[in-house]
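Residue strings, one per chain:
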Amino acid sequence: MPVIELSMSGRPKSGRVVGIDLGTTNSLVAYMSDNGAEVIRDASGNGLVPSIVYYDHEQDRLLVGEEARDRLITEPRKAIYSVKRFMGKGSADVQEDLSLVPFQIAPGSEQVIGFQMGDRVFTPPEISAFILRDLKRRASQFFGEEVSQAVITVPAYFNDAQRQATKDAGHLAGLEVLRIVNEPTAASLAYGIDKRDEAIVAVYDLGGGTFDISILKLKEGIFEVLSTNGDTHLGGDDLDNELITLVLDEIERSTGRRPDHDPGAFQAIRKAVIRAKHELSESQSTTIEIDLGAQHGGQYQRELTLVEFDRVVGNLVERTLGPCKKALKDADLDPEQIDEVIMVGGSTRIPLVRRKVKELFKREPHVELNPDEVVAIGAAIQADVLAGGRRDLLLLDVTPLSLGIETMGGVIAKIINRNSTIPASASEMFTTWVDNQTGIDVHVVQGEREMVSDCRSLAKFTLKGIPPQPAGLPRIEVRFLIDANGILTVSARDQRTGQEHSIEVKPSYGLTDEQIEKMLIDSFEFAEEDVRRRQLVEARNEAETVMRAAAKALEERAQGLIDEGERTAIRQALDDLRQAVAGDDYQLIRERIKALDDASQHLAEIIMDGALVAALKDRKASEVAEG
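Parameters and conventions
- Residues numbered from 1 in each chain as written.
- Predicted model: local features only at pLDDT ≥ 70, side-chain atom pairs only at ≥ 80, totals over all residues.
- Heavy atoms only, no water.
- Helix = DSSP H or I, 4+ residues; strand = E, 2+ residues; numbered from the N terminus.
- Buried < 20%, exposed > 50% of the residue type's maximum accessible area, 1.4 Å probe, protein only.
- Contact = heavy atoms within 4.5 Å.
- Axes fitted to C-alpha atoms, helices over the stretch in contact; angles between N-to-C directions.
- Parallel < 35°, antiparallel > 145°, perpendicular 65-115°, else oblique.
- Salt bridge = Lys/Arg side-chain N within 4 Å of Asp/Glu carboxyl O.
- Pairing = 2+ DSSP bridges.
- Phe/Tyr/Trp six-rings, centres within 6.5 Å; stacked < 30°, edge-to-face > 60°.
- Polar contact = N/O pair within 3.5 Å; in protein donor to acceptor, adjacent residues only side chain to side chain.

## Some words on the overall build of the protein
In step 1: Helix and strand counts for the protein come out as 15 helices and 28 strands.
In step 2: The burial tally for the protein puts 53% of its 627 residues in the buried class.
In step 3: The contacts in the protein between residues at least 6 apart in sequence include a share of 66% that link residues at least 24 apart.

Rendered as structure tokens:
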């Protein structure tokens with residue numbers, strides 16, 4: 001991949017923790033400078049990295065961003081875009097999406113989707129990891145040193161599986177994900193709401209692939225999300241698809257052929273309608289021109305007015321108002337009680353969207369900041385909070401969907417309700433249903449419906465070892481704990497015996513630990529370099545600890561305990577390990593650590609025995625004194 005040249009002027013003094021907006025259409029990385037949060041840009045001043053990955057199987061390399069977007073037009077089957085829509089989902093969940101994109105799904109993709117790109121297969125978290133790695137590289141070049149920690153944003157309506165998939169992607173990219181933050185929450189920070197004493201704000205976020213609405217409250221330095229709602233299947237991509245369908249229908253009527261199965265023609269249509277959509281944010285009409293080639297009727301051209309565009313996408317824009325009304329109801333608020341309305345996401349540039357939002361909330365929405373960048377800027381502010389840069393802001397998020405367990409008859413007992421502030425914990429007491437029951441099955445589910453069959457299954461486990469008793473007598477406490485990233489841990493405990501079982505919920509469509517490890521080992525050369533660097537650092541850290549302990553034992557406590565031959569062997573092992581640490585071979589460092597452990601094992605045993613004897617003497621002396 002090409003080296004991206006970045007301007008080094010105004011480089012921040014510190015900024016190892018960055019904020020990342022992993023977007024459906026574009027992604028960005030930002031940091032906190034002395035002048036506030038700023039997006040890291042390339043040499044041409046562009047902060048956006050298209051969320052597109054292209055695989056060149058002939059050279060066995062990946063292209064990300066602008067270069068991948070250029071290849072998308074000519075070789076769409078080798079490129080993946082809008083991967084965010086597939087995060088944390090199985091193939092059964094995304095059939096409608098797949099019908100509108102030229103992606104090839106690999107066989108055996110029922111649980112974790114696999115995209116076939118040439119002779120390789122990649123999962124959505126892997127594709128996202130390539131994008132994150134590109135952002136990580138951009139930030140590392142800007143700082144002149146490695147960036148390894150980040151805050152990553154997700155749509156507020158992302159469920160547990162999608163959040164876990166995002167964390168998996170960060171891990172694969174070599175990033176420690178300090179926090180998963182809701183995009184509307186991050187955007188509200190970018191607009192400086194925290195500087196007010198008190199405010200209630202609606203954040204309307206219509207991006208490329210998702211729609212989110214959040215109602216936020218700021219009071220006495222505490223920033224709280226009162227409610228969230230949205231649609232994970234509604235965004236600018238869907239508006240594009242409406243225009244694509246319009247064009248395809250017209251081509252079919254005039255030529256008798258529908259070129260949607262020709263990847264090149266399909267991408268040319270997609271590029272043309274997106275350009276038209278952008279132009280209609282600034283003008284009353286535009287012209288769509290597409291060279292379809294002789295096989296599809298040659299040149300396509302037509303004028304598209306803003307009035308006609310509004311008619312084509314009007315139903316989709318109207319669909320965003322339903323979640324807004326639900327969020328207001330959940331927060332127990334009327335539109336008149338909202339102090340500010342903030343517009344986020346590139347699709348909020350559309351005049352019809354701004355008009356509809358103004359009508360619903362009865363006030364002019366804020367559009368001052370670049371809607372493509374506000375989420376990344378807010379993520380950088382949150383990253384600064386976590387890094388200790390700001391201590392005057394407390395950010396509280398909420399869980400987007402209710403969580404509970406299945407009870408008799410397939411009914412859900414909700415333990416943590418939707419819009420509960422996180423981190424959160426709650427517990428409920430349950431009992432057995434039949435006499436002499438020695439185990440209880442715990443089925444964890446997520447959703448707002450009353451029946452398990454209508455909600456999402458997250459995990460199942462069994463608490464065993466319950467003493468046989470009459471039904472209704474055992475007391476079983478089930479506790480739910482959601483951490484700051486929205487990741488759920490569930491435990492069940494028998495109050496009488498103390499028998500307990502707990503599980504960190506691994507969503508059905510998340511990646512297993514084995515899959516993640518395999519991806520790290522089998523990844524491409526740039527990923528292997530990240531892994532090797534981390535392994536080297538970890539090995540060096542362990543070596544330093546071992547060397548300090550061995551040297552101290554040799555100097556202070558080995559006198560008279562071991563012979564000169566053992567002492568010489570330990571010194572030689574220390575010297576060998578120091579030489580290995582000075583190099584870059586982490587496997588050699590591991591081997592030398594083991595050699596030092598082996599050489600000093602006898603000395604360690606003697607020291608431990610002596611410490612034990614001394615402790616017993618002290619205890620006996622103490623007992624004599626007390627007697």
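## Observations concerning the packing of helix α8 (residues 306-319) against helix α9 (residues 321-330)
In step 1: Relative orientation of the contacting elements α8 and α9 amounts to 15°, with a least axis distance of 4 Å. As the angle between them shows, α8 and α9 are arranged roughly parallel. Between α8, through Val317, Glu318 and Arg319, and α9, the contact on the second element is made entirely by Leu321, Gly322 and Pro323.

## Considering the environment of glycine 174
In step 1: Mapped onto the secondary structure, glycine 174 falls in the loop between α4 (160-172) and β12 (176-182).
In step 2: Considered as a pair, glycine 174 and lysine 136 are 38 residues apart in the sequence and their alpha carbons are 8.6 Å apart.
In step 3: In this structure, glycine 174 is in contact with Lys136 and Ser148, ignoring residues within four places of it in sequence.

## Regarding the environment of threonine 431
In step 1: One can find threonine 431 in the loop between β23 (424-430) and β24 (439-446).
In step 2: What makes threonine 431 partly exposed here is its relative accessible area of 35%.
In step 3: A C-alpha to C-alpha distance of 5.3 Å links threonine 431 and proline 474, two positions 43 residues apart in sequence.
In step 4: Discounting residues that sit within four places of it in the chain, threonine 431 has contacts with Ile440, Gly472, Leu473 and Pro474.

## What to know about the pattern of salt bridges
In step 1: This structure, assessed with the given rule, holds 26 salt bridges.
In step 2: One salt bridge connects arginine 319 with aspartate 231, and the closest N-O pair in it is separated by 2.8 Å. Linking arginine 319 in helix α8 with aspartate 231 in strand β15 (residues 222-231), this pair joins segments that are 88 residues apart in sequence.
In step 3: In this structure, arginine 540 and aspartate 584 form a salt bridge, with 3.0 Å as the shortest nitrogen-oxygen distance. Taken together, the positions of arginine 540 in helix α13 (residues 525-556) and aspartate 584 in the loop between α14 (564-581) and α15 (586-626) put the pair 44 residues apart, joining distant regions of the chain.
In step 4: Taking relative accessible area as the criterion, arginine 540 reaches 26% and is therefore assigned partly exposed.
In step 5: One salt-bridge network, held together by shared partners, links Arg85, Asp237 and Asp238.

## Here's the deal with the sheet that holds strand β10 (residues 120-122)
In step 1: Spatial strand order, β8-β9-β10: 3 strands in an open sheet with antiparallel pairing. With partners counted over all chains shown, the strands left at the sheet margins are β8 (104-105) and β10, one partner each.
In step 2: In the sheet, strand β9 (residues 115-117) pairs with β10 via 3 bridges, with the strands oriented antiparallel. Pairing of methionine 117 across the sheet is with arginine 120, part of β10.

## Digging into the sheet that holds β24
Backbone-to-backbone hydrogen bonds join strands into a sheet, with any given pair of strands oriented parallel or antiparallel.
In step 1: The strand order across the open sheet formed by 4 strands is β21-β20-β24-β25, and the pairing between neighbours is antiparallel. Edge strands, defined here as strands with exactly one partner in the open sheet, are β21 (411-416) and β25 (456-464). For this sheet, the mean inter-axis angle between neighbouring strands, taken without regard to orientation, is 30°.
In step 2: By the bridge criterion, 8 bridges tie β24 to β25 in an arrangement that is antiparallel. For valine 444, the partnering residue across the bridge sits in β25 and is alanine 459.

## Here we look at the packing of aromatic side chains
In step 1: Using the criterion set out here, one finds 7 aromatic pairs in the structure.
In step 2: With a centroid separation of 5.0 Å and an interplanar angle of 45°, the aromatic rings of tyrosine 31 and phenylalanine 142 are classed as tilted. Here the residue tyrosine 31 occupies a position in strand β2 (residues 26-33), and phenylalanine 142 occupies one in helix α3 (residues 124-143), the gap between them amounting to 111 residues.
In step 3: The class of tyrosine 31 is buried, set by a relative accessible area of 2%.
In step 4: A ring pair is formed by tyrosine 55 and phenylalanine 122, whose centres lie 5.8 Å apart and whose planes are at 75°; its orientation type is edge-to-face.

## Focus on the side chain of aspartate 56
In step 1: Inspection of the secondary structure assignment puts aspartate 56 in strand β5 (residues 52-56).
In step 2: Residues within four places of aspartate 56 in sequence aside, it is in contact with Arg61 and Arg71.

## Points about the side chain of glutamine 437
In step 1: Relative to the assigned elements, glutamine 437 resides in the loop between β23 and β24.
In step 2: The exposure class of glutamine 437 is buried, given its relative accessible area of 19%.
In step 3: Separated by 2.8 Å, the side chain of glutamine 437 and the backbone oxygen of glycine 439 make a polar contact.
In step 4: When neighbours within four sequence positions are excluded, glutamine 437 is seen to be in contact with Thr432, Ile466, Pro467 and Gln469.

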